[in-house]
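Coordinate analysis (summary)
As a plain string of letters, each chain reads:
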Amino acid sequence: MSFYNEIQKYNWDEVKNQIYSKTEADVKHALEKEKIDLNDFQALISPAASAYLETMAQKSMQLTQKRFGKCIQMYIPLYISNSCTNTCVYCGFNHKNKFDRKILKSEEMRQEAKEIKKLGFEHILLVSGEDQKNCGCDYIGEMMDSIKDQFSLISLEAQPLSTDEYKKLTHKGLNTVYIYQETYNELNYKKYHPAGKKSNYQYRLETPDRLGQAGVHKVGLGCLLGLEDWRVDTFFTALHLQYLERNYWKSKYSISFPRLRPHAGGFQPNYETTQKDLVQLITAYRLFNHHVEISLSTRESEKFRDNMLQLGATSFSAGSKTNPGGYSNKEESLEQFSINDDRSPSEIAEMIQSKGYEVVWKDWDNFMQL
Amino acid sequence: MNNLILGDKIFKSRLFTGTGKFSSNEIMKQAIEASGSELVTMALKRIDIEDANDNMLQHLNIPGVNLLPNTSGVRNAKEAIFAAQLAREALETNWLKLEIHPDPKYLLPDGEETLKAAEELVKLGFHVLPYVQADPVLCKKLEEVGTAAVMPLGSPIGSNNGLQTIDFLKIIIEQSNVPVVVDAGIGAPSHAAAAMEIGADAVLVNTAIAVSPNPVEMAKAFKMAVEAGRMAYEAKLAEQSVGANASSPLTAFLENLD
């Protein structure tokens, strides 16, 4: 049994109809309840809820402060490789894009770590393209080893691995793994991921099951907004979250919603997700799940992030470079996506403090996990 | 009011506080000072124990305030014991709030692992204050392995729901030979006062102070409530009675016996 079996019980179009037929009365009902279920959640992400954004935002702020305090956690991505065997149509690392691929070596990792430490970070996210042959579990483990004395929390966003491989990396000190399904629409998934290992919908979908079974401390979920109708895709993300919490109750969960935006020359989103939609989505998630961490990356604009830190988000990246070697090497290598909020970590920390929030650089330690 | 004797220390204040969720370390410091608390718990994972200039530790350098490192984040006894030893070495205290919660969502304590770790840590010379369910049997077992106190929860941590476990807390207080500190769930000064009135030796309050729009004033309010509750307990509360007992329909017959 895995989430693949669970999701078979649902039909994409039916779910879509359910969401779009929610009324204001359904929304009001959901807002009055102390604990909301998936049915109420559908109301909160429906078009009918758009008139209740302020109420949702107020509730979300209260719930977030109660659970997480007035605190924002800080993390930074470190791209270890842009080598990738997939051909995801929306991604800069697409195998078909002709450019020199860069796979960092231990010494280069240490250089990157040195620069990142100067910025104040303790939580680091290692990101890699998906290249199981050249950047498999052993390589990732080696890269972790080269910097692990420098950071108190290490996360990973790379290709899906096996349960045993996740166990091995956790043993080495890996804390969190982010694995985004991109879209839960099985039929269209293949359109966006035509080749490479990522084209296997089921294997990717079952990755969080393997993470739970491997005892990984924190699991990050999400879908890429812009591929399919965000209301439907994020419903399935919520279903996934609920399933995982019930089955792998020792893991913590984190969620994020990277948003594809239209830009010249690149992949054009099929469905638009506005900033207003994103506010509805994030606050709906907080009302649905009081405990889930919500991160907001530098894909989003300054102004939007500044306002969202009170409304449900709990962790922020800052000063991100999305190309391998980007922190220590001025020479350009291919970046995955261009960032929108390019303020320095100290500028962002100042902004967070000016809003009456504490900046949390460190909330874990290697010695907490044996 | 009587002082509280706990481990090898004497406390005037029966309000213990925490360090999480504050909007800044400066406000945390002011709130702790206003609370009059002499025992403050902080998560090991939040501080850099190798850094003498750690910002949170610096703000906790308050005269009269003792540190109570906690193991929040560990999932089993083995991890807790390891973390405790590091804390003792780095912070030079053998006081420890033992928290083991394999469930990261509601942070509910694992009694089995807590008992195992407590037994070991007591042998290693720690003053162990274990955070547990309001489970009277578990509390007795912890006392037997030598913990300095027991810290049963009033309701889920961070919930501000008050003393939902009051029936069990009363049993724990009745039976305990070590101080009982009600931890978790205390959301209002009235909850803290109620805990003291039923005979708790102390309370630990964090979220209700840290997340209040005015943490410093709220800390003062809790200080007063804890003092009032304790004073009432020591003065002995008048018994509550329901209705009058003028006639004695069941025992009146005794007067007419030969």
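Refer to the structure above for everything that follows.
In this convention, every chain numbers its residues from 1, walking through the sequence in written order. Following the order in which they are written, the chains are lettered starting with A and the ligands numbered starting with 1. In keeping with the predicted nature of the model, local features appear solely for residues at pLDDT of at least 70, side-chain atom pairs appear and are counted solely at 80 or more, and the whole-chain, interface and lining totals rest on all residues. Note: side-chain values were computed over all heavy atoms of the structure, leaving out hydrogens and water.

1. Let's talk about the overall build of chain B
Note the following rule: Here a helix means four or more residues in a row that DSSP labels H or I, a strand means two or more in a row labelled E, and each is numbered from the N terminus. Contact definition: two residues touch when any of their heavy atoms are within 4.5 Å. Only the protein chains shown count as covering a residue, and every accessible area follows the Shrake-Rupley method with a 1.4 Å probe. Counting rule applied: Lys, Arg positive; Asp, Glu negative; His and chain ends not counted. Charge placement uses NZ in Lys and CZ in Arg. For Asp and Glu, CG and CD serve respectively.
The helix and strand inventory of chain B stands at 9 helices and 10 strands. Dimensions of chain B, computed from the C-alpha atoms along their principal axes, are close to 85 × 40 × 35 Å. Intrachain contacts of chain B at a sequence separation of at least 6 include 65% that bridge at least 24 residues. Counting only carbon and sulfur atoms, one obtains 51% of the accessible surface of chain B, whose full area is about 11800 Å². Of the charged side chains in chain B, 21 are positive and 32 negative, and the gap between their average positions amounts to 3 Å.

2. Things to note about the overall build of chain A
For the record, the criterion: The globule rule used here is 2.2 Å times the number of residues to the 0.38 power, and the radius of gyration it is set against is calculated over C-alpha atoms.
In terms of helices and strands, chain A carries 15 helices and 9 strands. Against the globule reference of 21 Å for 370 residues, chain A gives a C-alpha radius of gyration of 20 Å, in line with a compact fold. The dimensions of chain A, computed from C-alpha atoms along their principal axes, are 60 × 45 × 45 Å. Taking the contacts inside chain A whose residues are at least 6 apart along the sequence as the reference set, 74% of them involve residues at least 24 apart. Accessible surface for chain A amounts to roughly 14700 Å². Of this, 47% is attributable to carbon and sulfur atoms.

3. Looking at unusual backbone geometry
Residue and element names in this part refer to chain A. Here is the rule we go by: Using a 1.4 Å probe on the protein chains alone, a residue whose accessible area is under 20% of its type maximum counts as buried, one over 50% counts as exposed, and one in between counts as partly exposed.
Of note, Glu182 is a non-glycine position whose phi angle comes to about 70 degrees, a positive value. Its location among the elements puts Glu182 in the loop between strand S4 (174-178) and helix H9 (186-192). Taking relative accessible area as the criterion, Glu182 reaches 9% and is therefore assigned buried.

4. Overview of the packing of helix H4 (residues 111-123) of chain B against helix H5 (residues 136-145) of chain B
Residues and elements named next belong to chain B. So the rule is basically this: A fitted line through C-alpha atoms represents every axis, and for helices the fit uses only the stretch in contact; the resulting angles, taken between N-to-C directions, go from 0 to 180 degrees. Here the word oblique covers every angle except those under 35 degrees (roughly parallel), over 145 (roughly antiparallel) and from 65 to 115 (roughly perpendicular). Should the near helix be turned anticlockwise from the far one by less than a right angle, the crossing is left-handed, and should it be turned clockwise, the crossing is right-handed.
In contact at an axis separation of 9 Å, H4 and H5 are set at 15 degrees when each is read in the N-to-C sense. By the angle class used here, H4 and H5 are roughly parallel. The crossing of H4 and H5 is right-handed. On H5, the residues touching Gly111, Thr114, Leu115, Ala118, Glu119 and Val122 of H4 are Leu138, Lys141, Leu142 and Val145.

5. What about the pattern of salt bridges?
Stated precisely, the cut-off is as follows: Here a salt bridge means any side-chain nitrogen of Lys or Arg lying within 4 Å of a carboxyl oxygen belonging to Asp or Glu.
Under the criterion given, the structure shown has 30 salt bridges over all chains. Measuring nitrogen to oxygen at the nearest pair gives 2.9 Å for the salt bridge that ties Lys362(A) to Asp365(A). Each member of the pair, Lys362(A) as well as Asp365(A), is classed as buried. With its nearest N and O atoms 3.2 Å apart, the salt bridge here joins Glu99(B) to Lys97(B). Looking at Lys97(B), the relative accessible area reads 3%, which means it is buried.

6. Points about the side chain of Lys21(B)
Take Lys21(B): it is sitting in the loop between strand S3 (15-18) and helix H1 (25-35). Despite its burial, Lys21(B) pairs with no opposite charge, the nearest such side chain being Glu99(B) at 11 Å. Dropping the residues within four chain positions of it, Lys21(B) is found in contact with Gln65(A), Lys66(A), Arg67(A), Phe68(A), Gly69(A), Lys70(A), Cys71(A), Gly158(B), Thr207(B), Ala210(B) and Val211(B).

7. Details of the interface of chain A and chain B
Size of an interface: often given as the accessible area lost when the parts come together. Put simply, the rule is: Here's the idea: put two parts together, see how much 1.4 Å probe accessible area each one loses, and the total over both is what we call buried area. Polar contacts here mean pairs of N or O atoms no more than 3.5 Å apart (in protein, one a potential hydrogen donor and the other a potential acceptor; neighbouring residues in sequence count only if both atoms are side-chain atoms). Nonpolar residues are Ala, Val, Leu, Ile, Met, Phe, Trp, Tyr, Cys and Pro. Charged residues are Asp, Glu, Lys and Arg, and all others, Gly as well, are polar.
Contact residues are listed per partner, giving 30 residues for chain A and 32 residues for chain B. Taking both sides of the interface into account, the surface hidden between chain A and chain B amounts to around 2700 Å²; carbon and sulfur atoms contribute 55%. Measuring nitrogen to oxygen at the nearest pair gives 2.6 Å for the salt bridge that ties Lys105(B) to Glu245(A). Seen at the junction of chain A and chain B, the total is 17 residue pairs in polar contact (both at pLDDT 80 or more). At the level of secondary structure, the elements contributing two or more residues to the side of chain A that touches chain B comprise helix H5 (53-68) and strand S9 (358-360) of chain A. For the side of chain A that touches chain B, the element with the most residues is H5(A), which contributes 4 residues. Counted by class, the side of chain A that touches chain B contains 10 nonpolar, 8 polar and 12 charged residues.

8. Things to note about a nonpolar patch on the surface
Going by this rule: Exposure above 30% relative accessible area and no salt bridge define the residues that can form patches, which grow by joining like charges within 9 Å and nonpolar side chains of Val, Leu, Ile, Met, Phe, Trp and Tyr within 5 Å.
A cluster of nonpolar side chains, namely Phe253(B), Leu254(B) and Leu257(B), defines an oily patch on the protein surface of about 330 Å² accessible area. A residue is classified by how much of its surface remains accessible, and Leu257(B), at 53% relative accessible area, is exposed.

9. Quick notes on the side chain of Asp209(A)
Residues and elements named next belong to chain A. As for its placement among the helices and strands, Asp209 is situated in helix H11 (residues 207-213). Arg210 provides the closest opposite charge to the buried, salt-bridge-free Asp209, at an N-O distance of 7.5 Å. Reaching out from Asp209, the side chain makes a polar contact with the side chain of Tyr248 at a distance of 2.8 Å. Excluding residues that lie within four positions of it along the chain, Asp209 makes contacts with Ser2, Phe3, Tyr243, Leu244 and Tyr248.

10. Details of the packing of aromatic side chains
Where we set the bar: Aromatic rings from Phe, Tyr and Trp, with only the six-membered ring used for Trp, were paired whenever their centres fell within 6.5 Å, and each pair was classed as stacked if the ring planes differed by under 30 degrees, edge-to-face if by over 60, and tilted otherwise. A ring is considered to have a charge above it if a Lys NZ or an Arg CZ atom is located within 6 Å of its centre and within 35 degrees of its normal.
Scanning the entire structure with this criterion turns up 18 aromatic pairs over all chains. The lysine or arginine in question, Arg88(B), covers the ring of Phe126(B), its NZ or CZ lying 4.1 Å from the ring centre.

11. Examining the pairing of strand S4 (residues 39-43) of chain B
All names here are of chain B. Rules: One bridge is not enough; two strands pair if DSSP finds at least two bridges between them.
Of all the 5 residues making up S4, 5 are buried; the element is thus mostly covered by neighbouring parts of the structure. The side-chain alternation of S4 yields two buried faces, one formed by Leu39, Thr41 and Ala43 and the other by Val40 and Met42. As judged from the 2 bridges shared by S3 and S4, these two strands associate in the parallel manner. Residue Thr17 lies in a different strand from S4, and its bridge partner there is Val40. In this structure, S4 lies alongside strand S5 (residues 66-70), joined through 5 bridges in parallel fashion. Looking at S5, one finds that Leu39 is bridged to Asn66.

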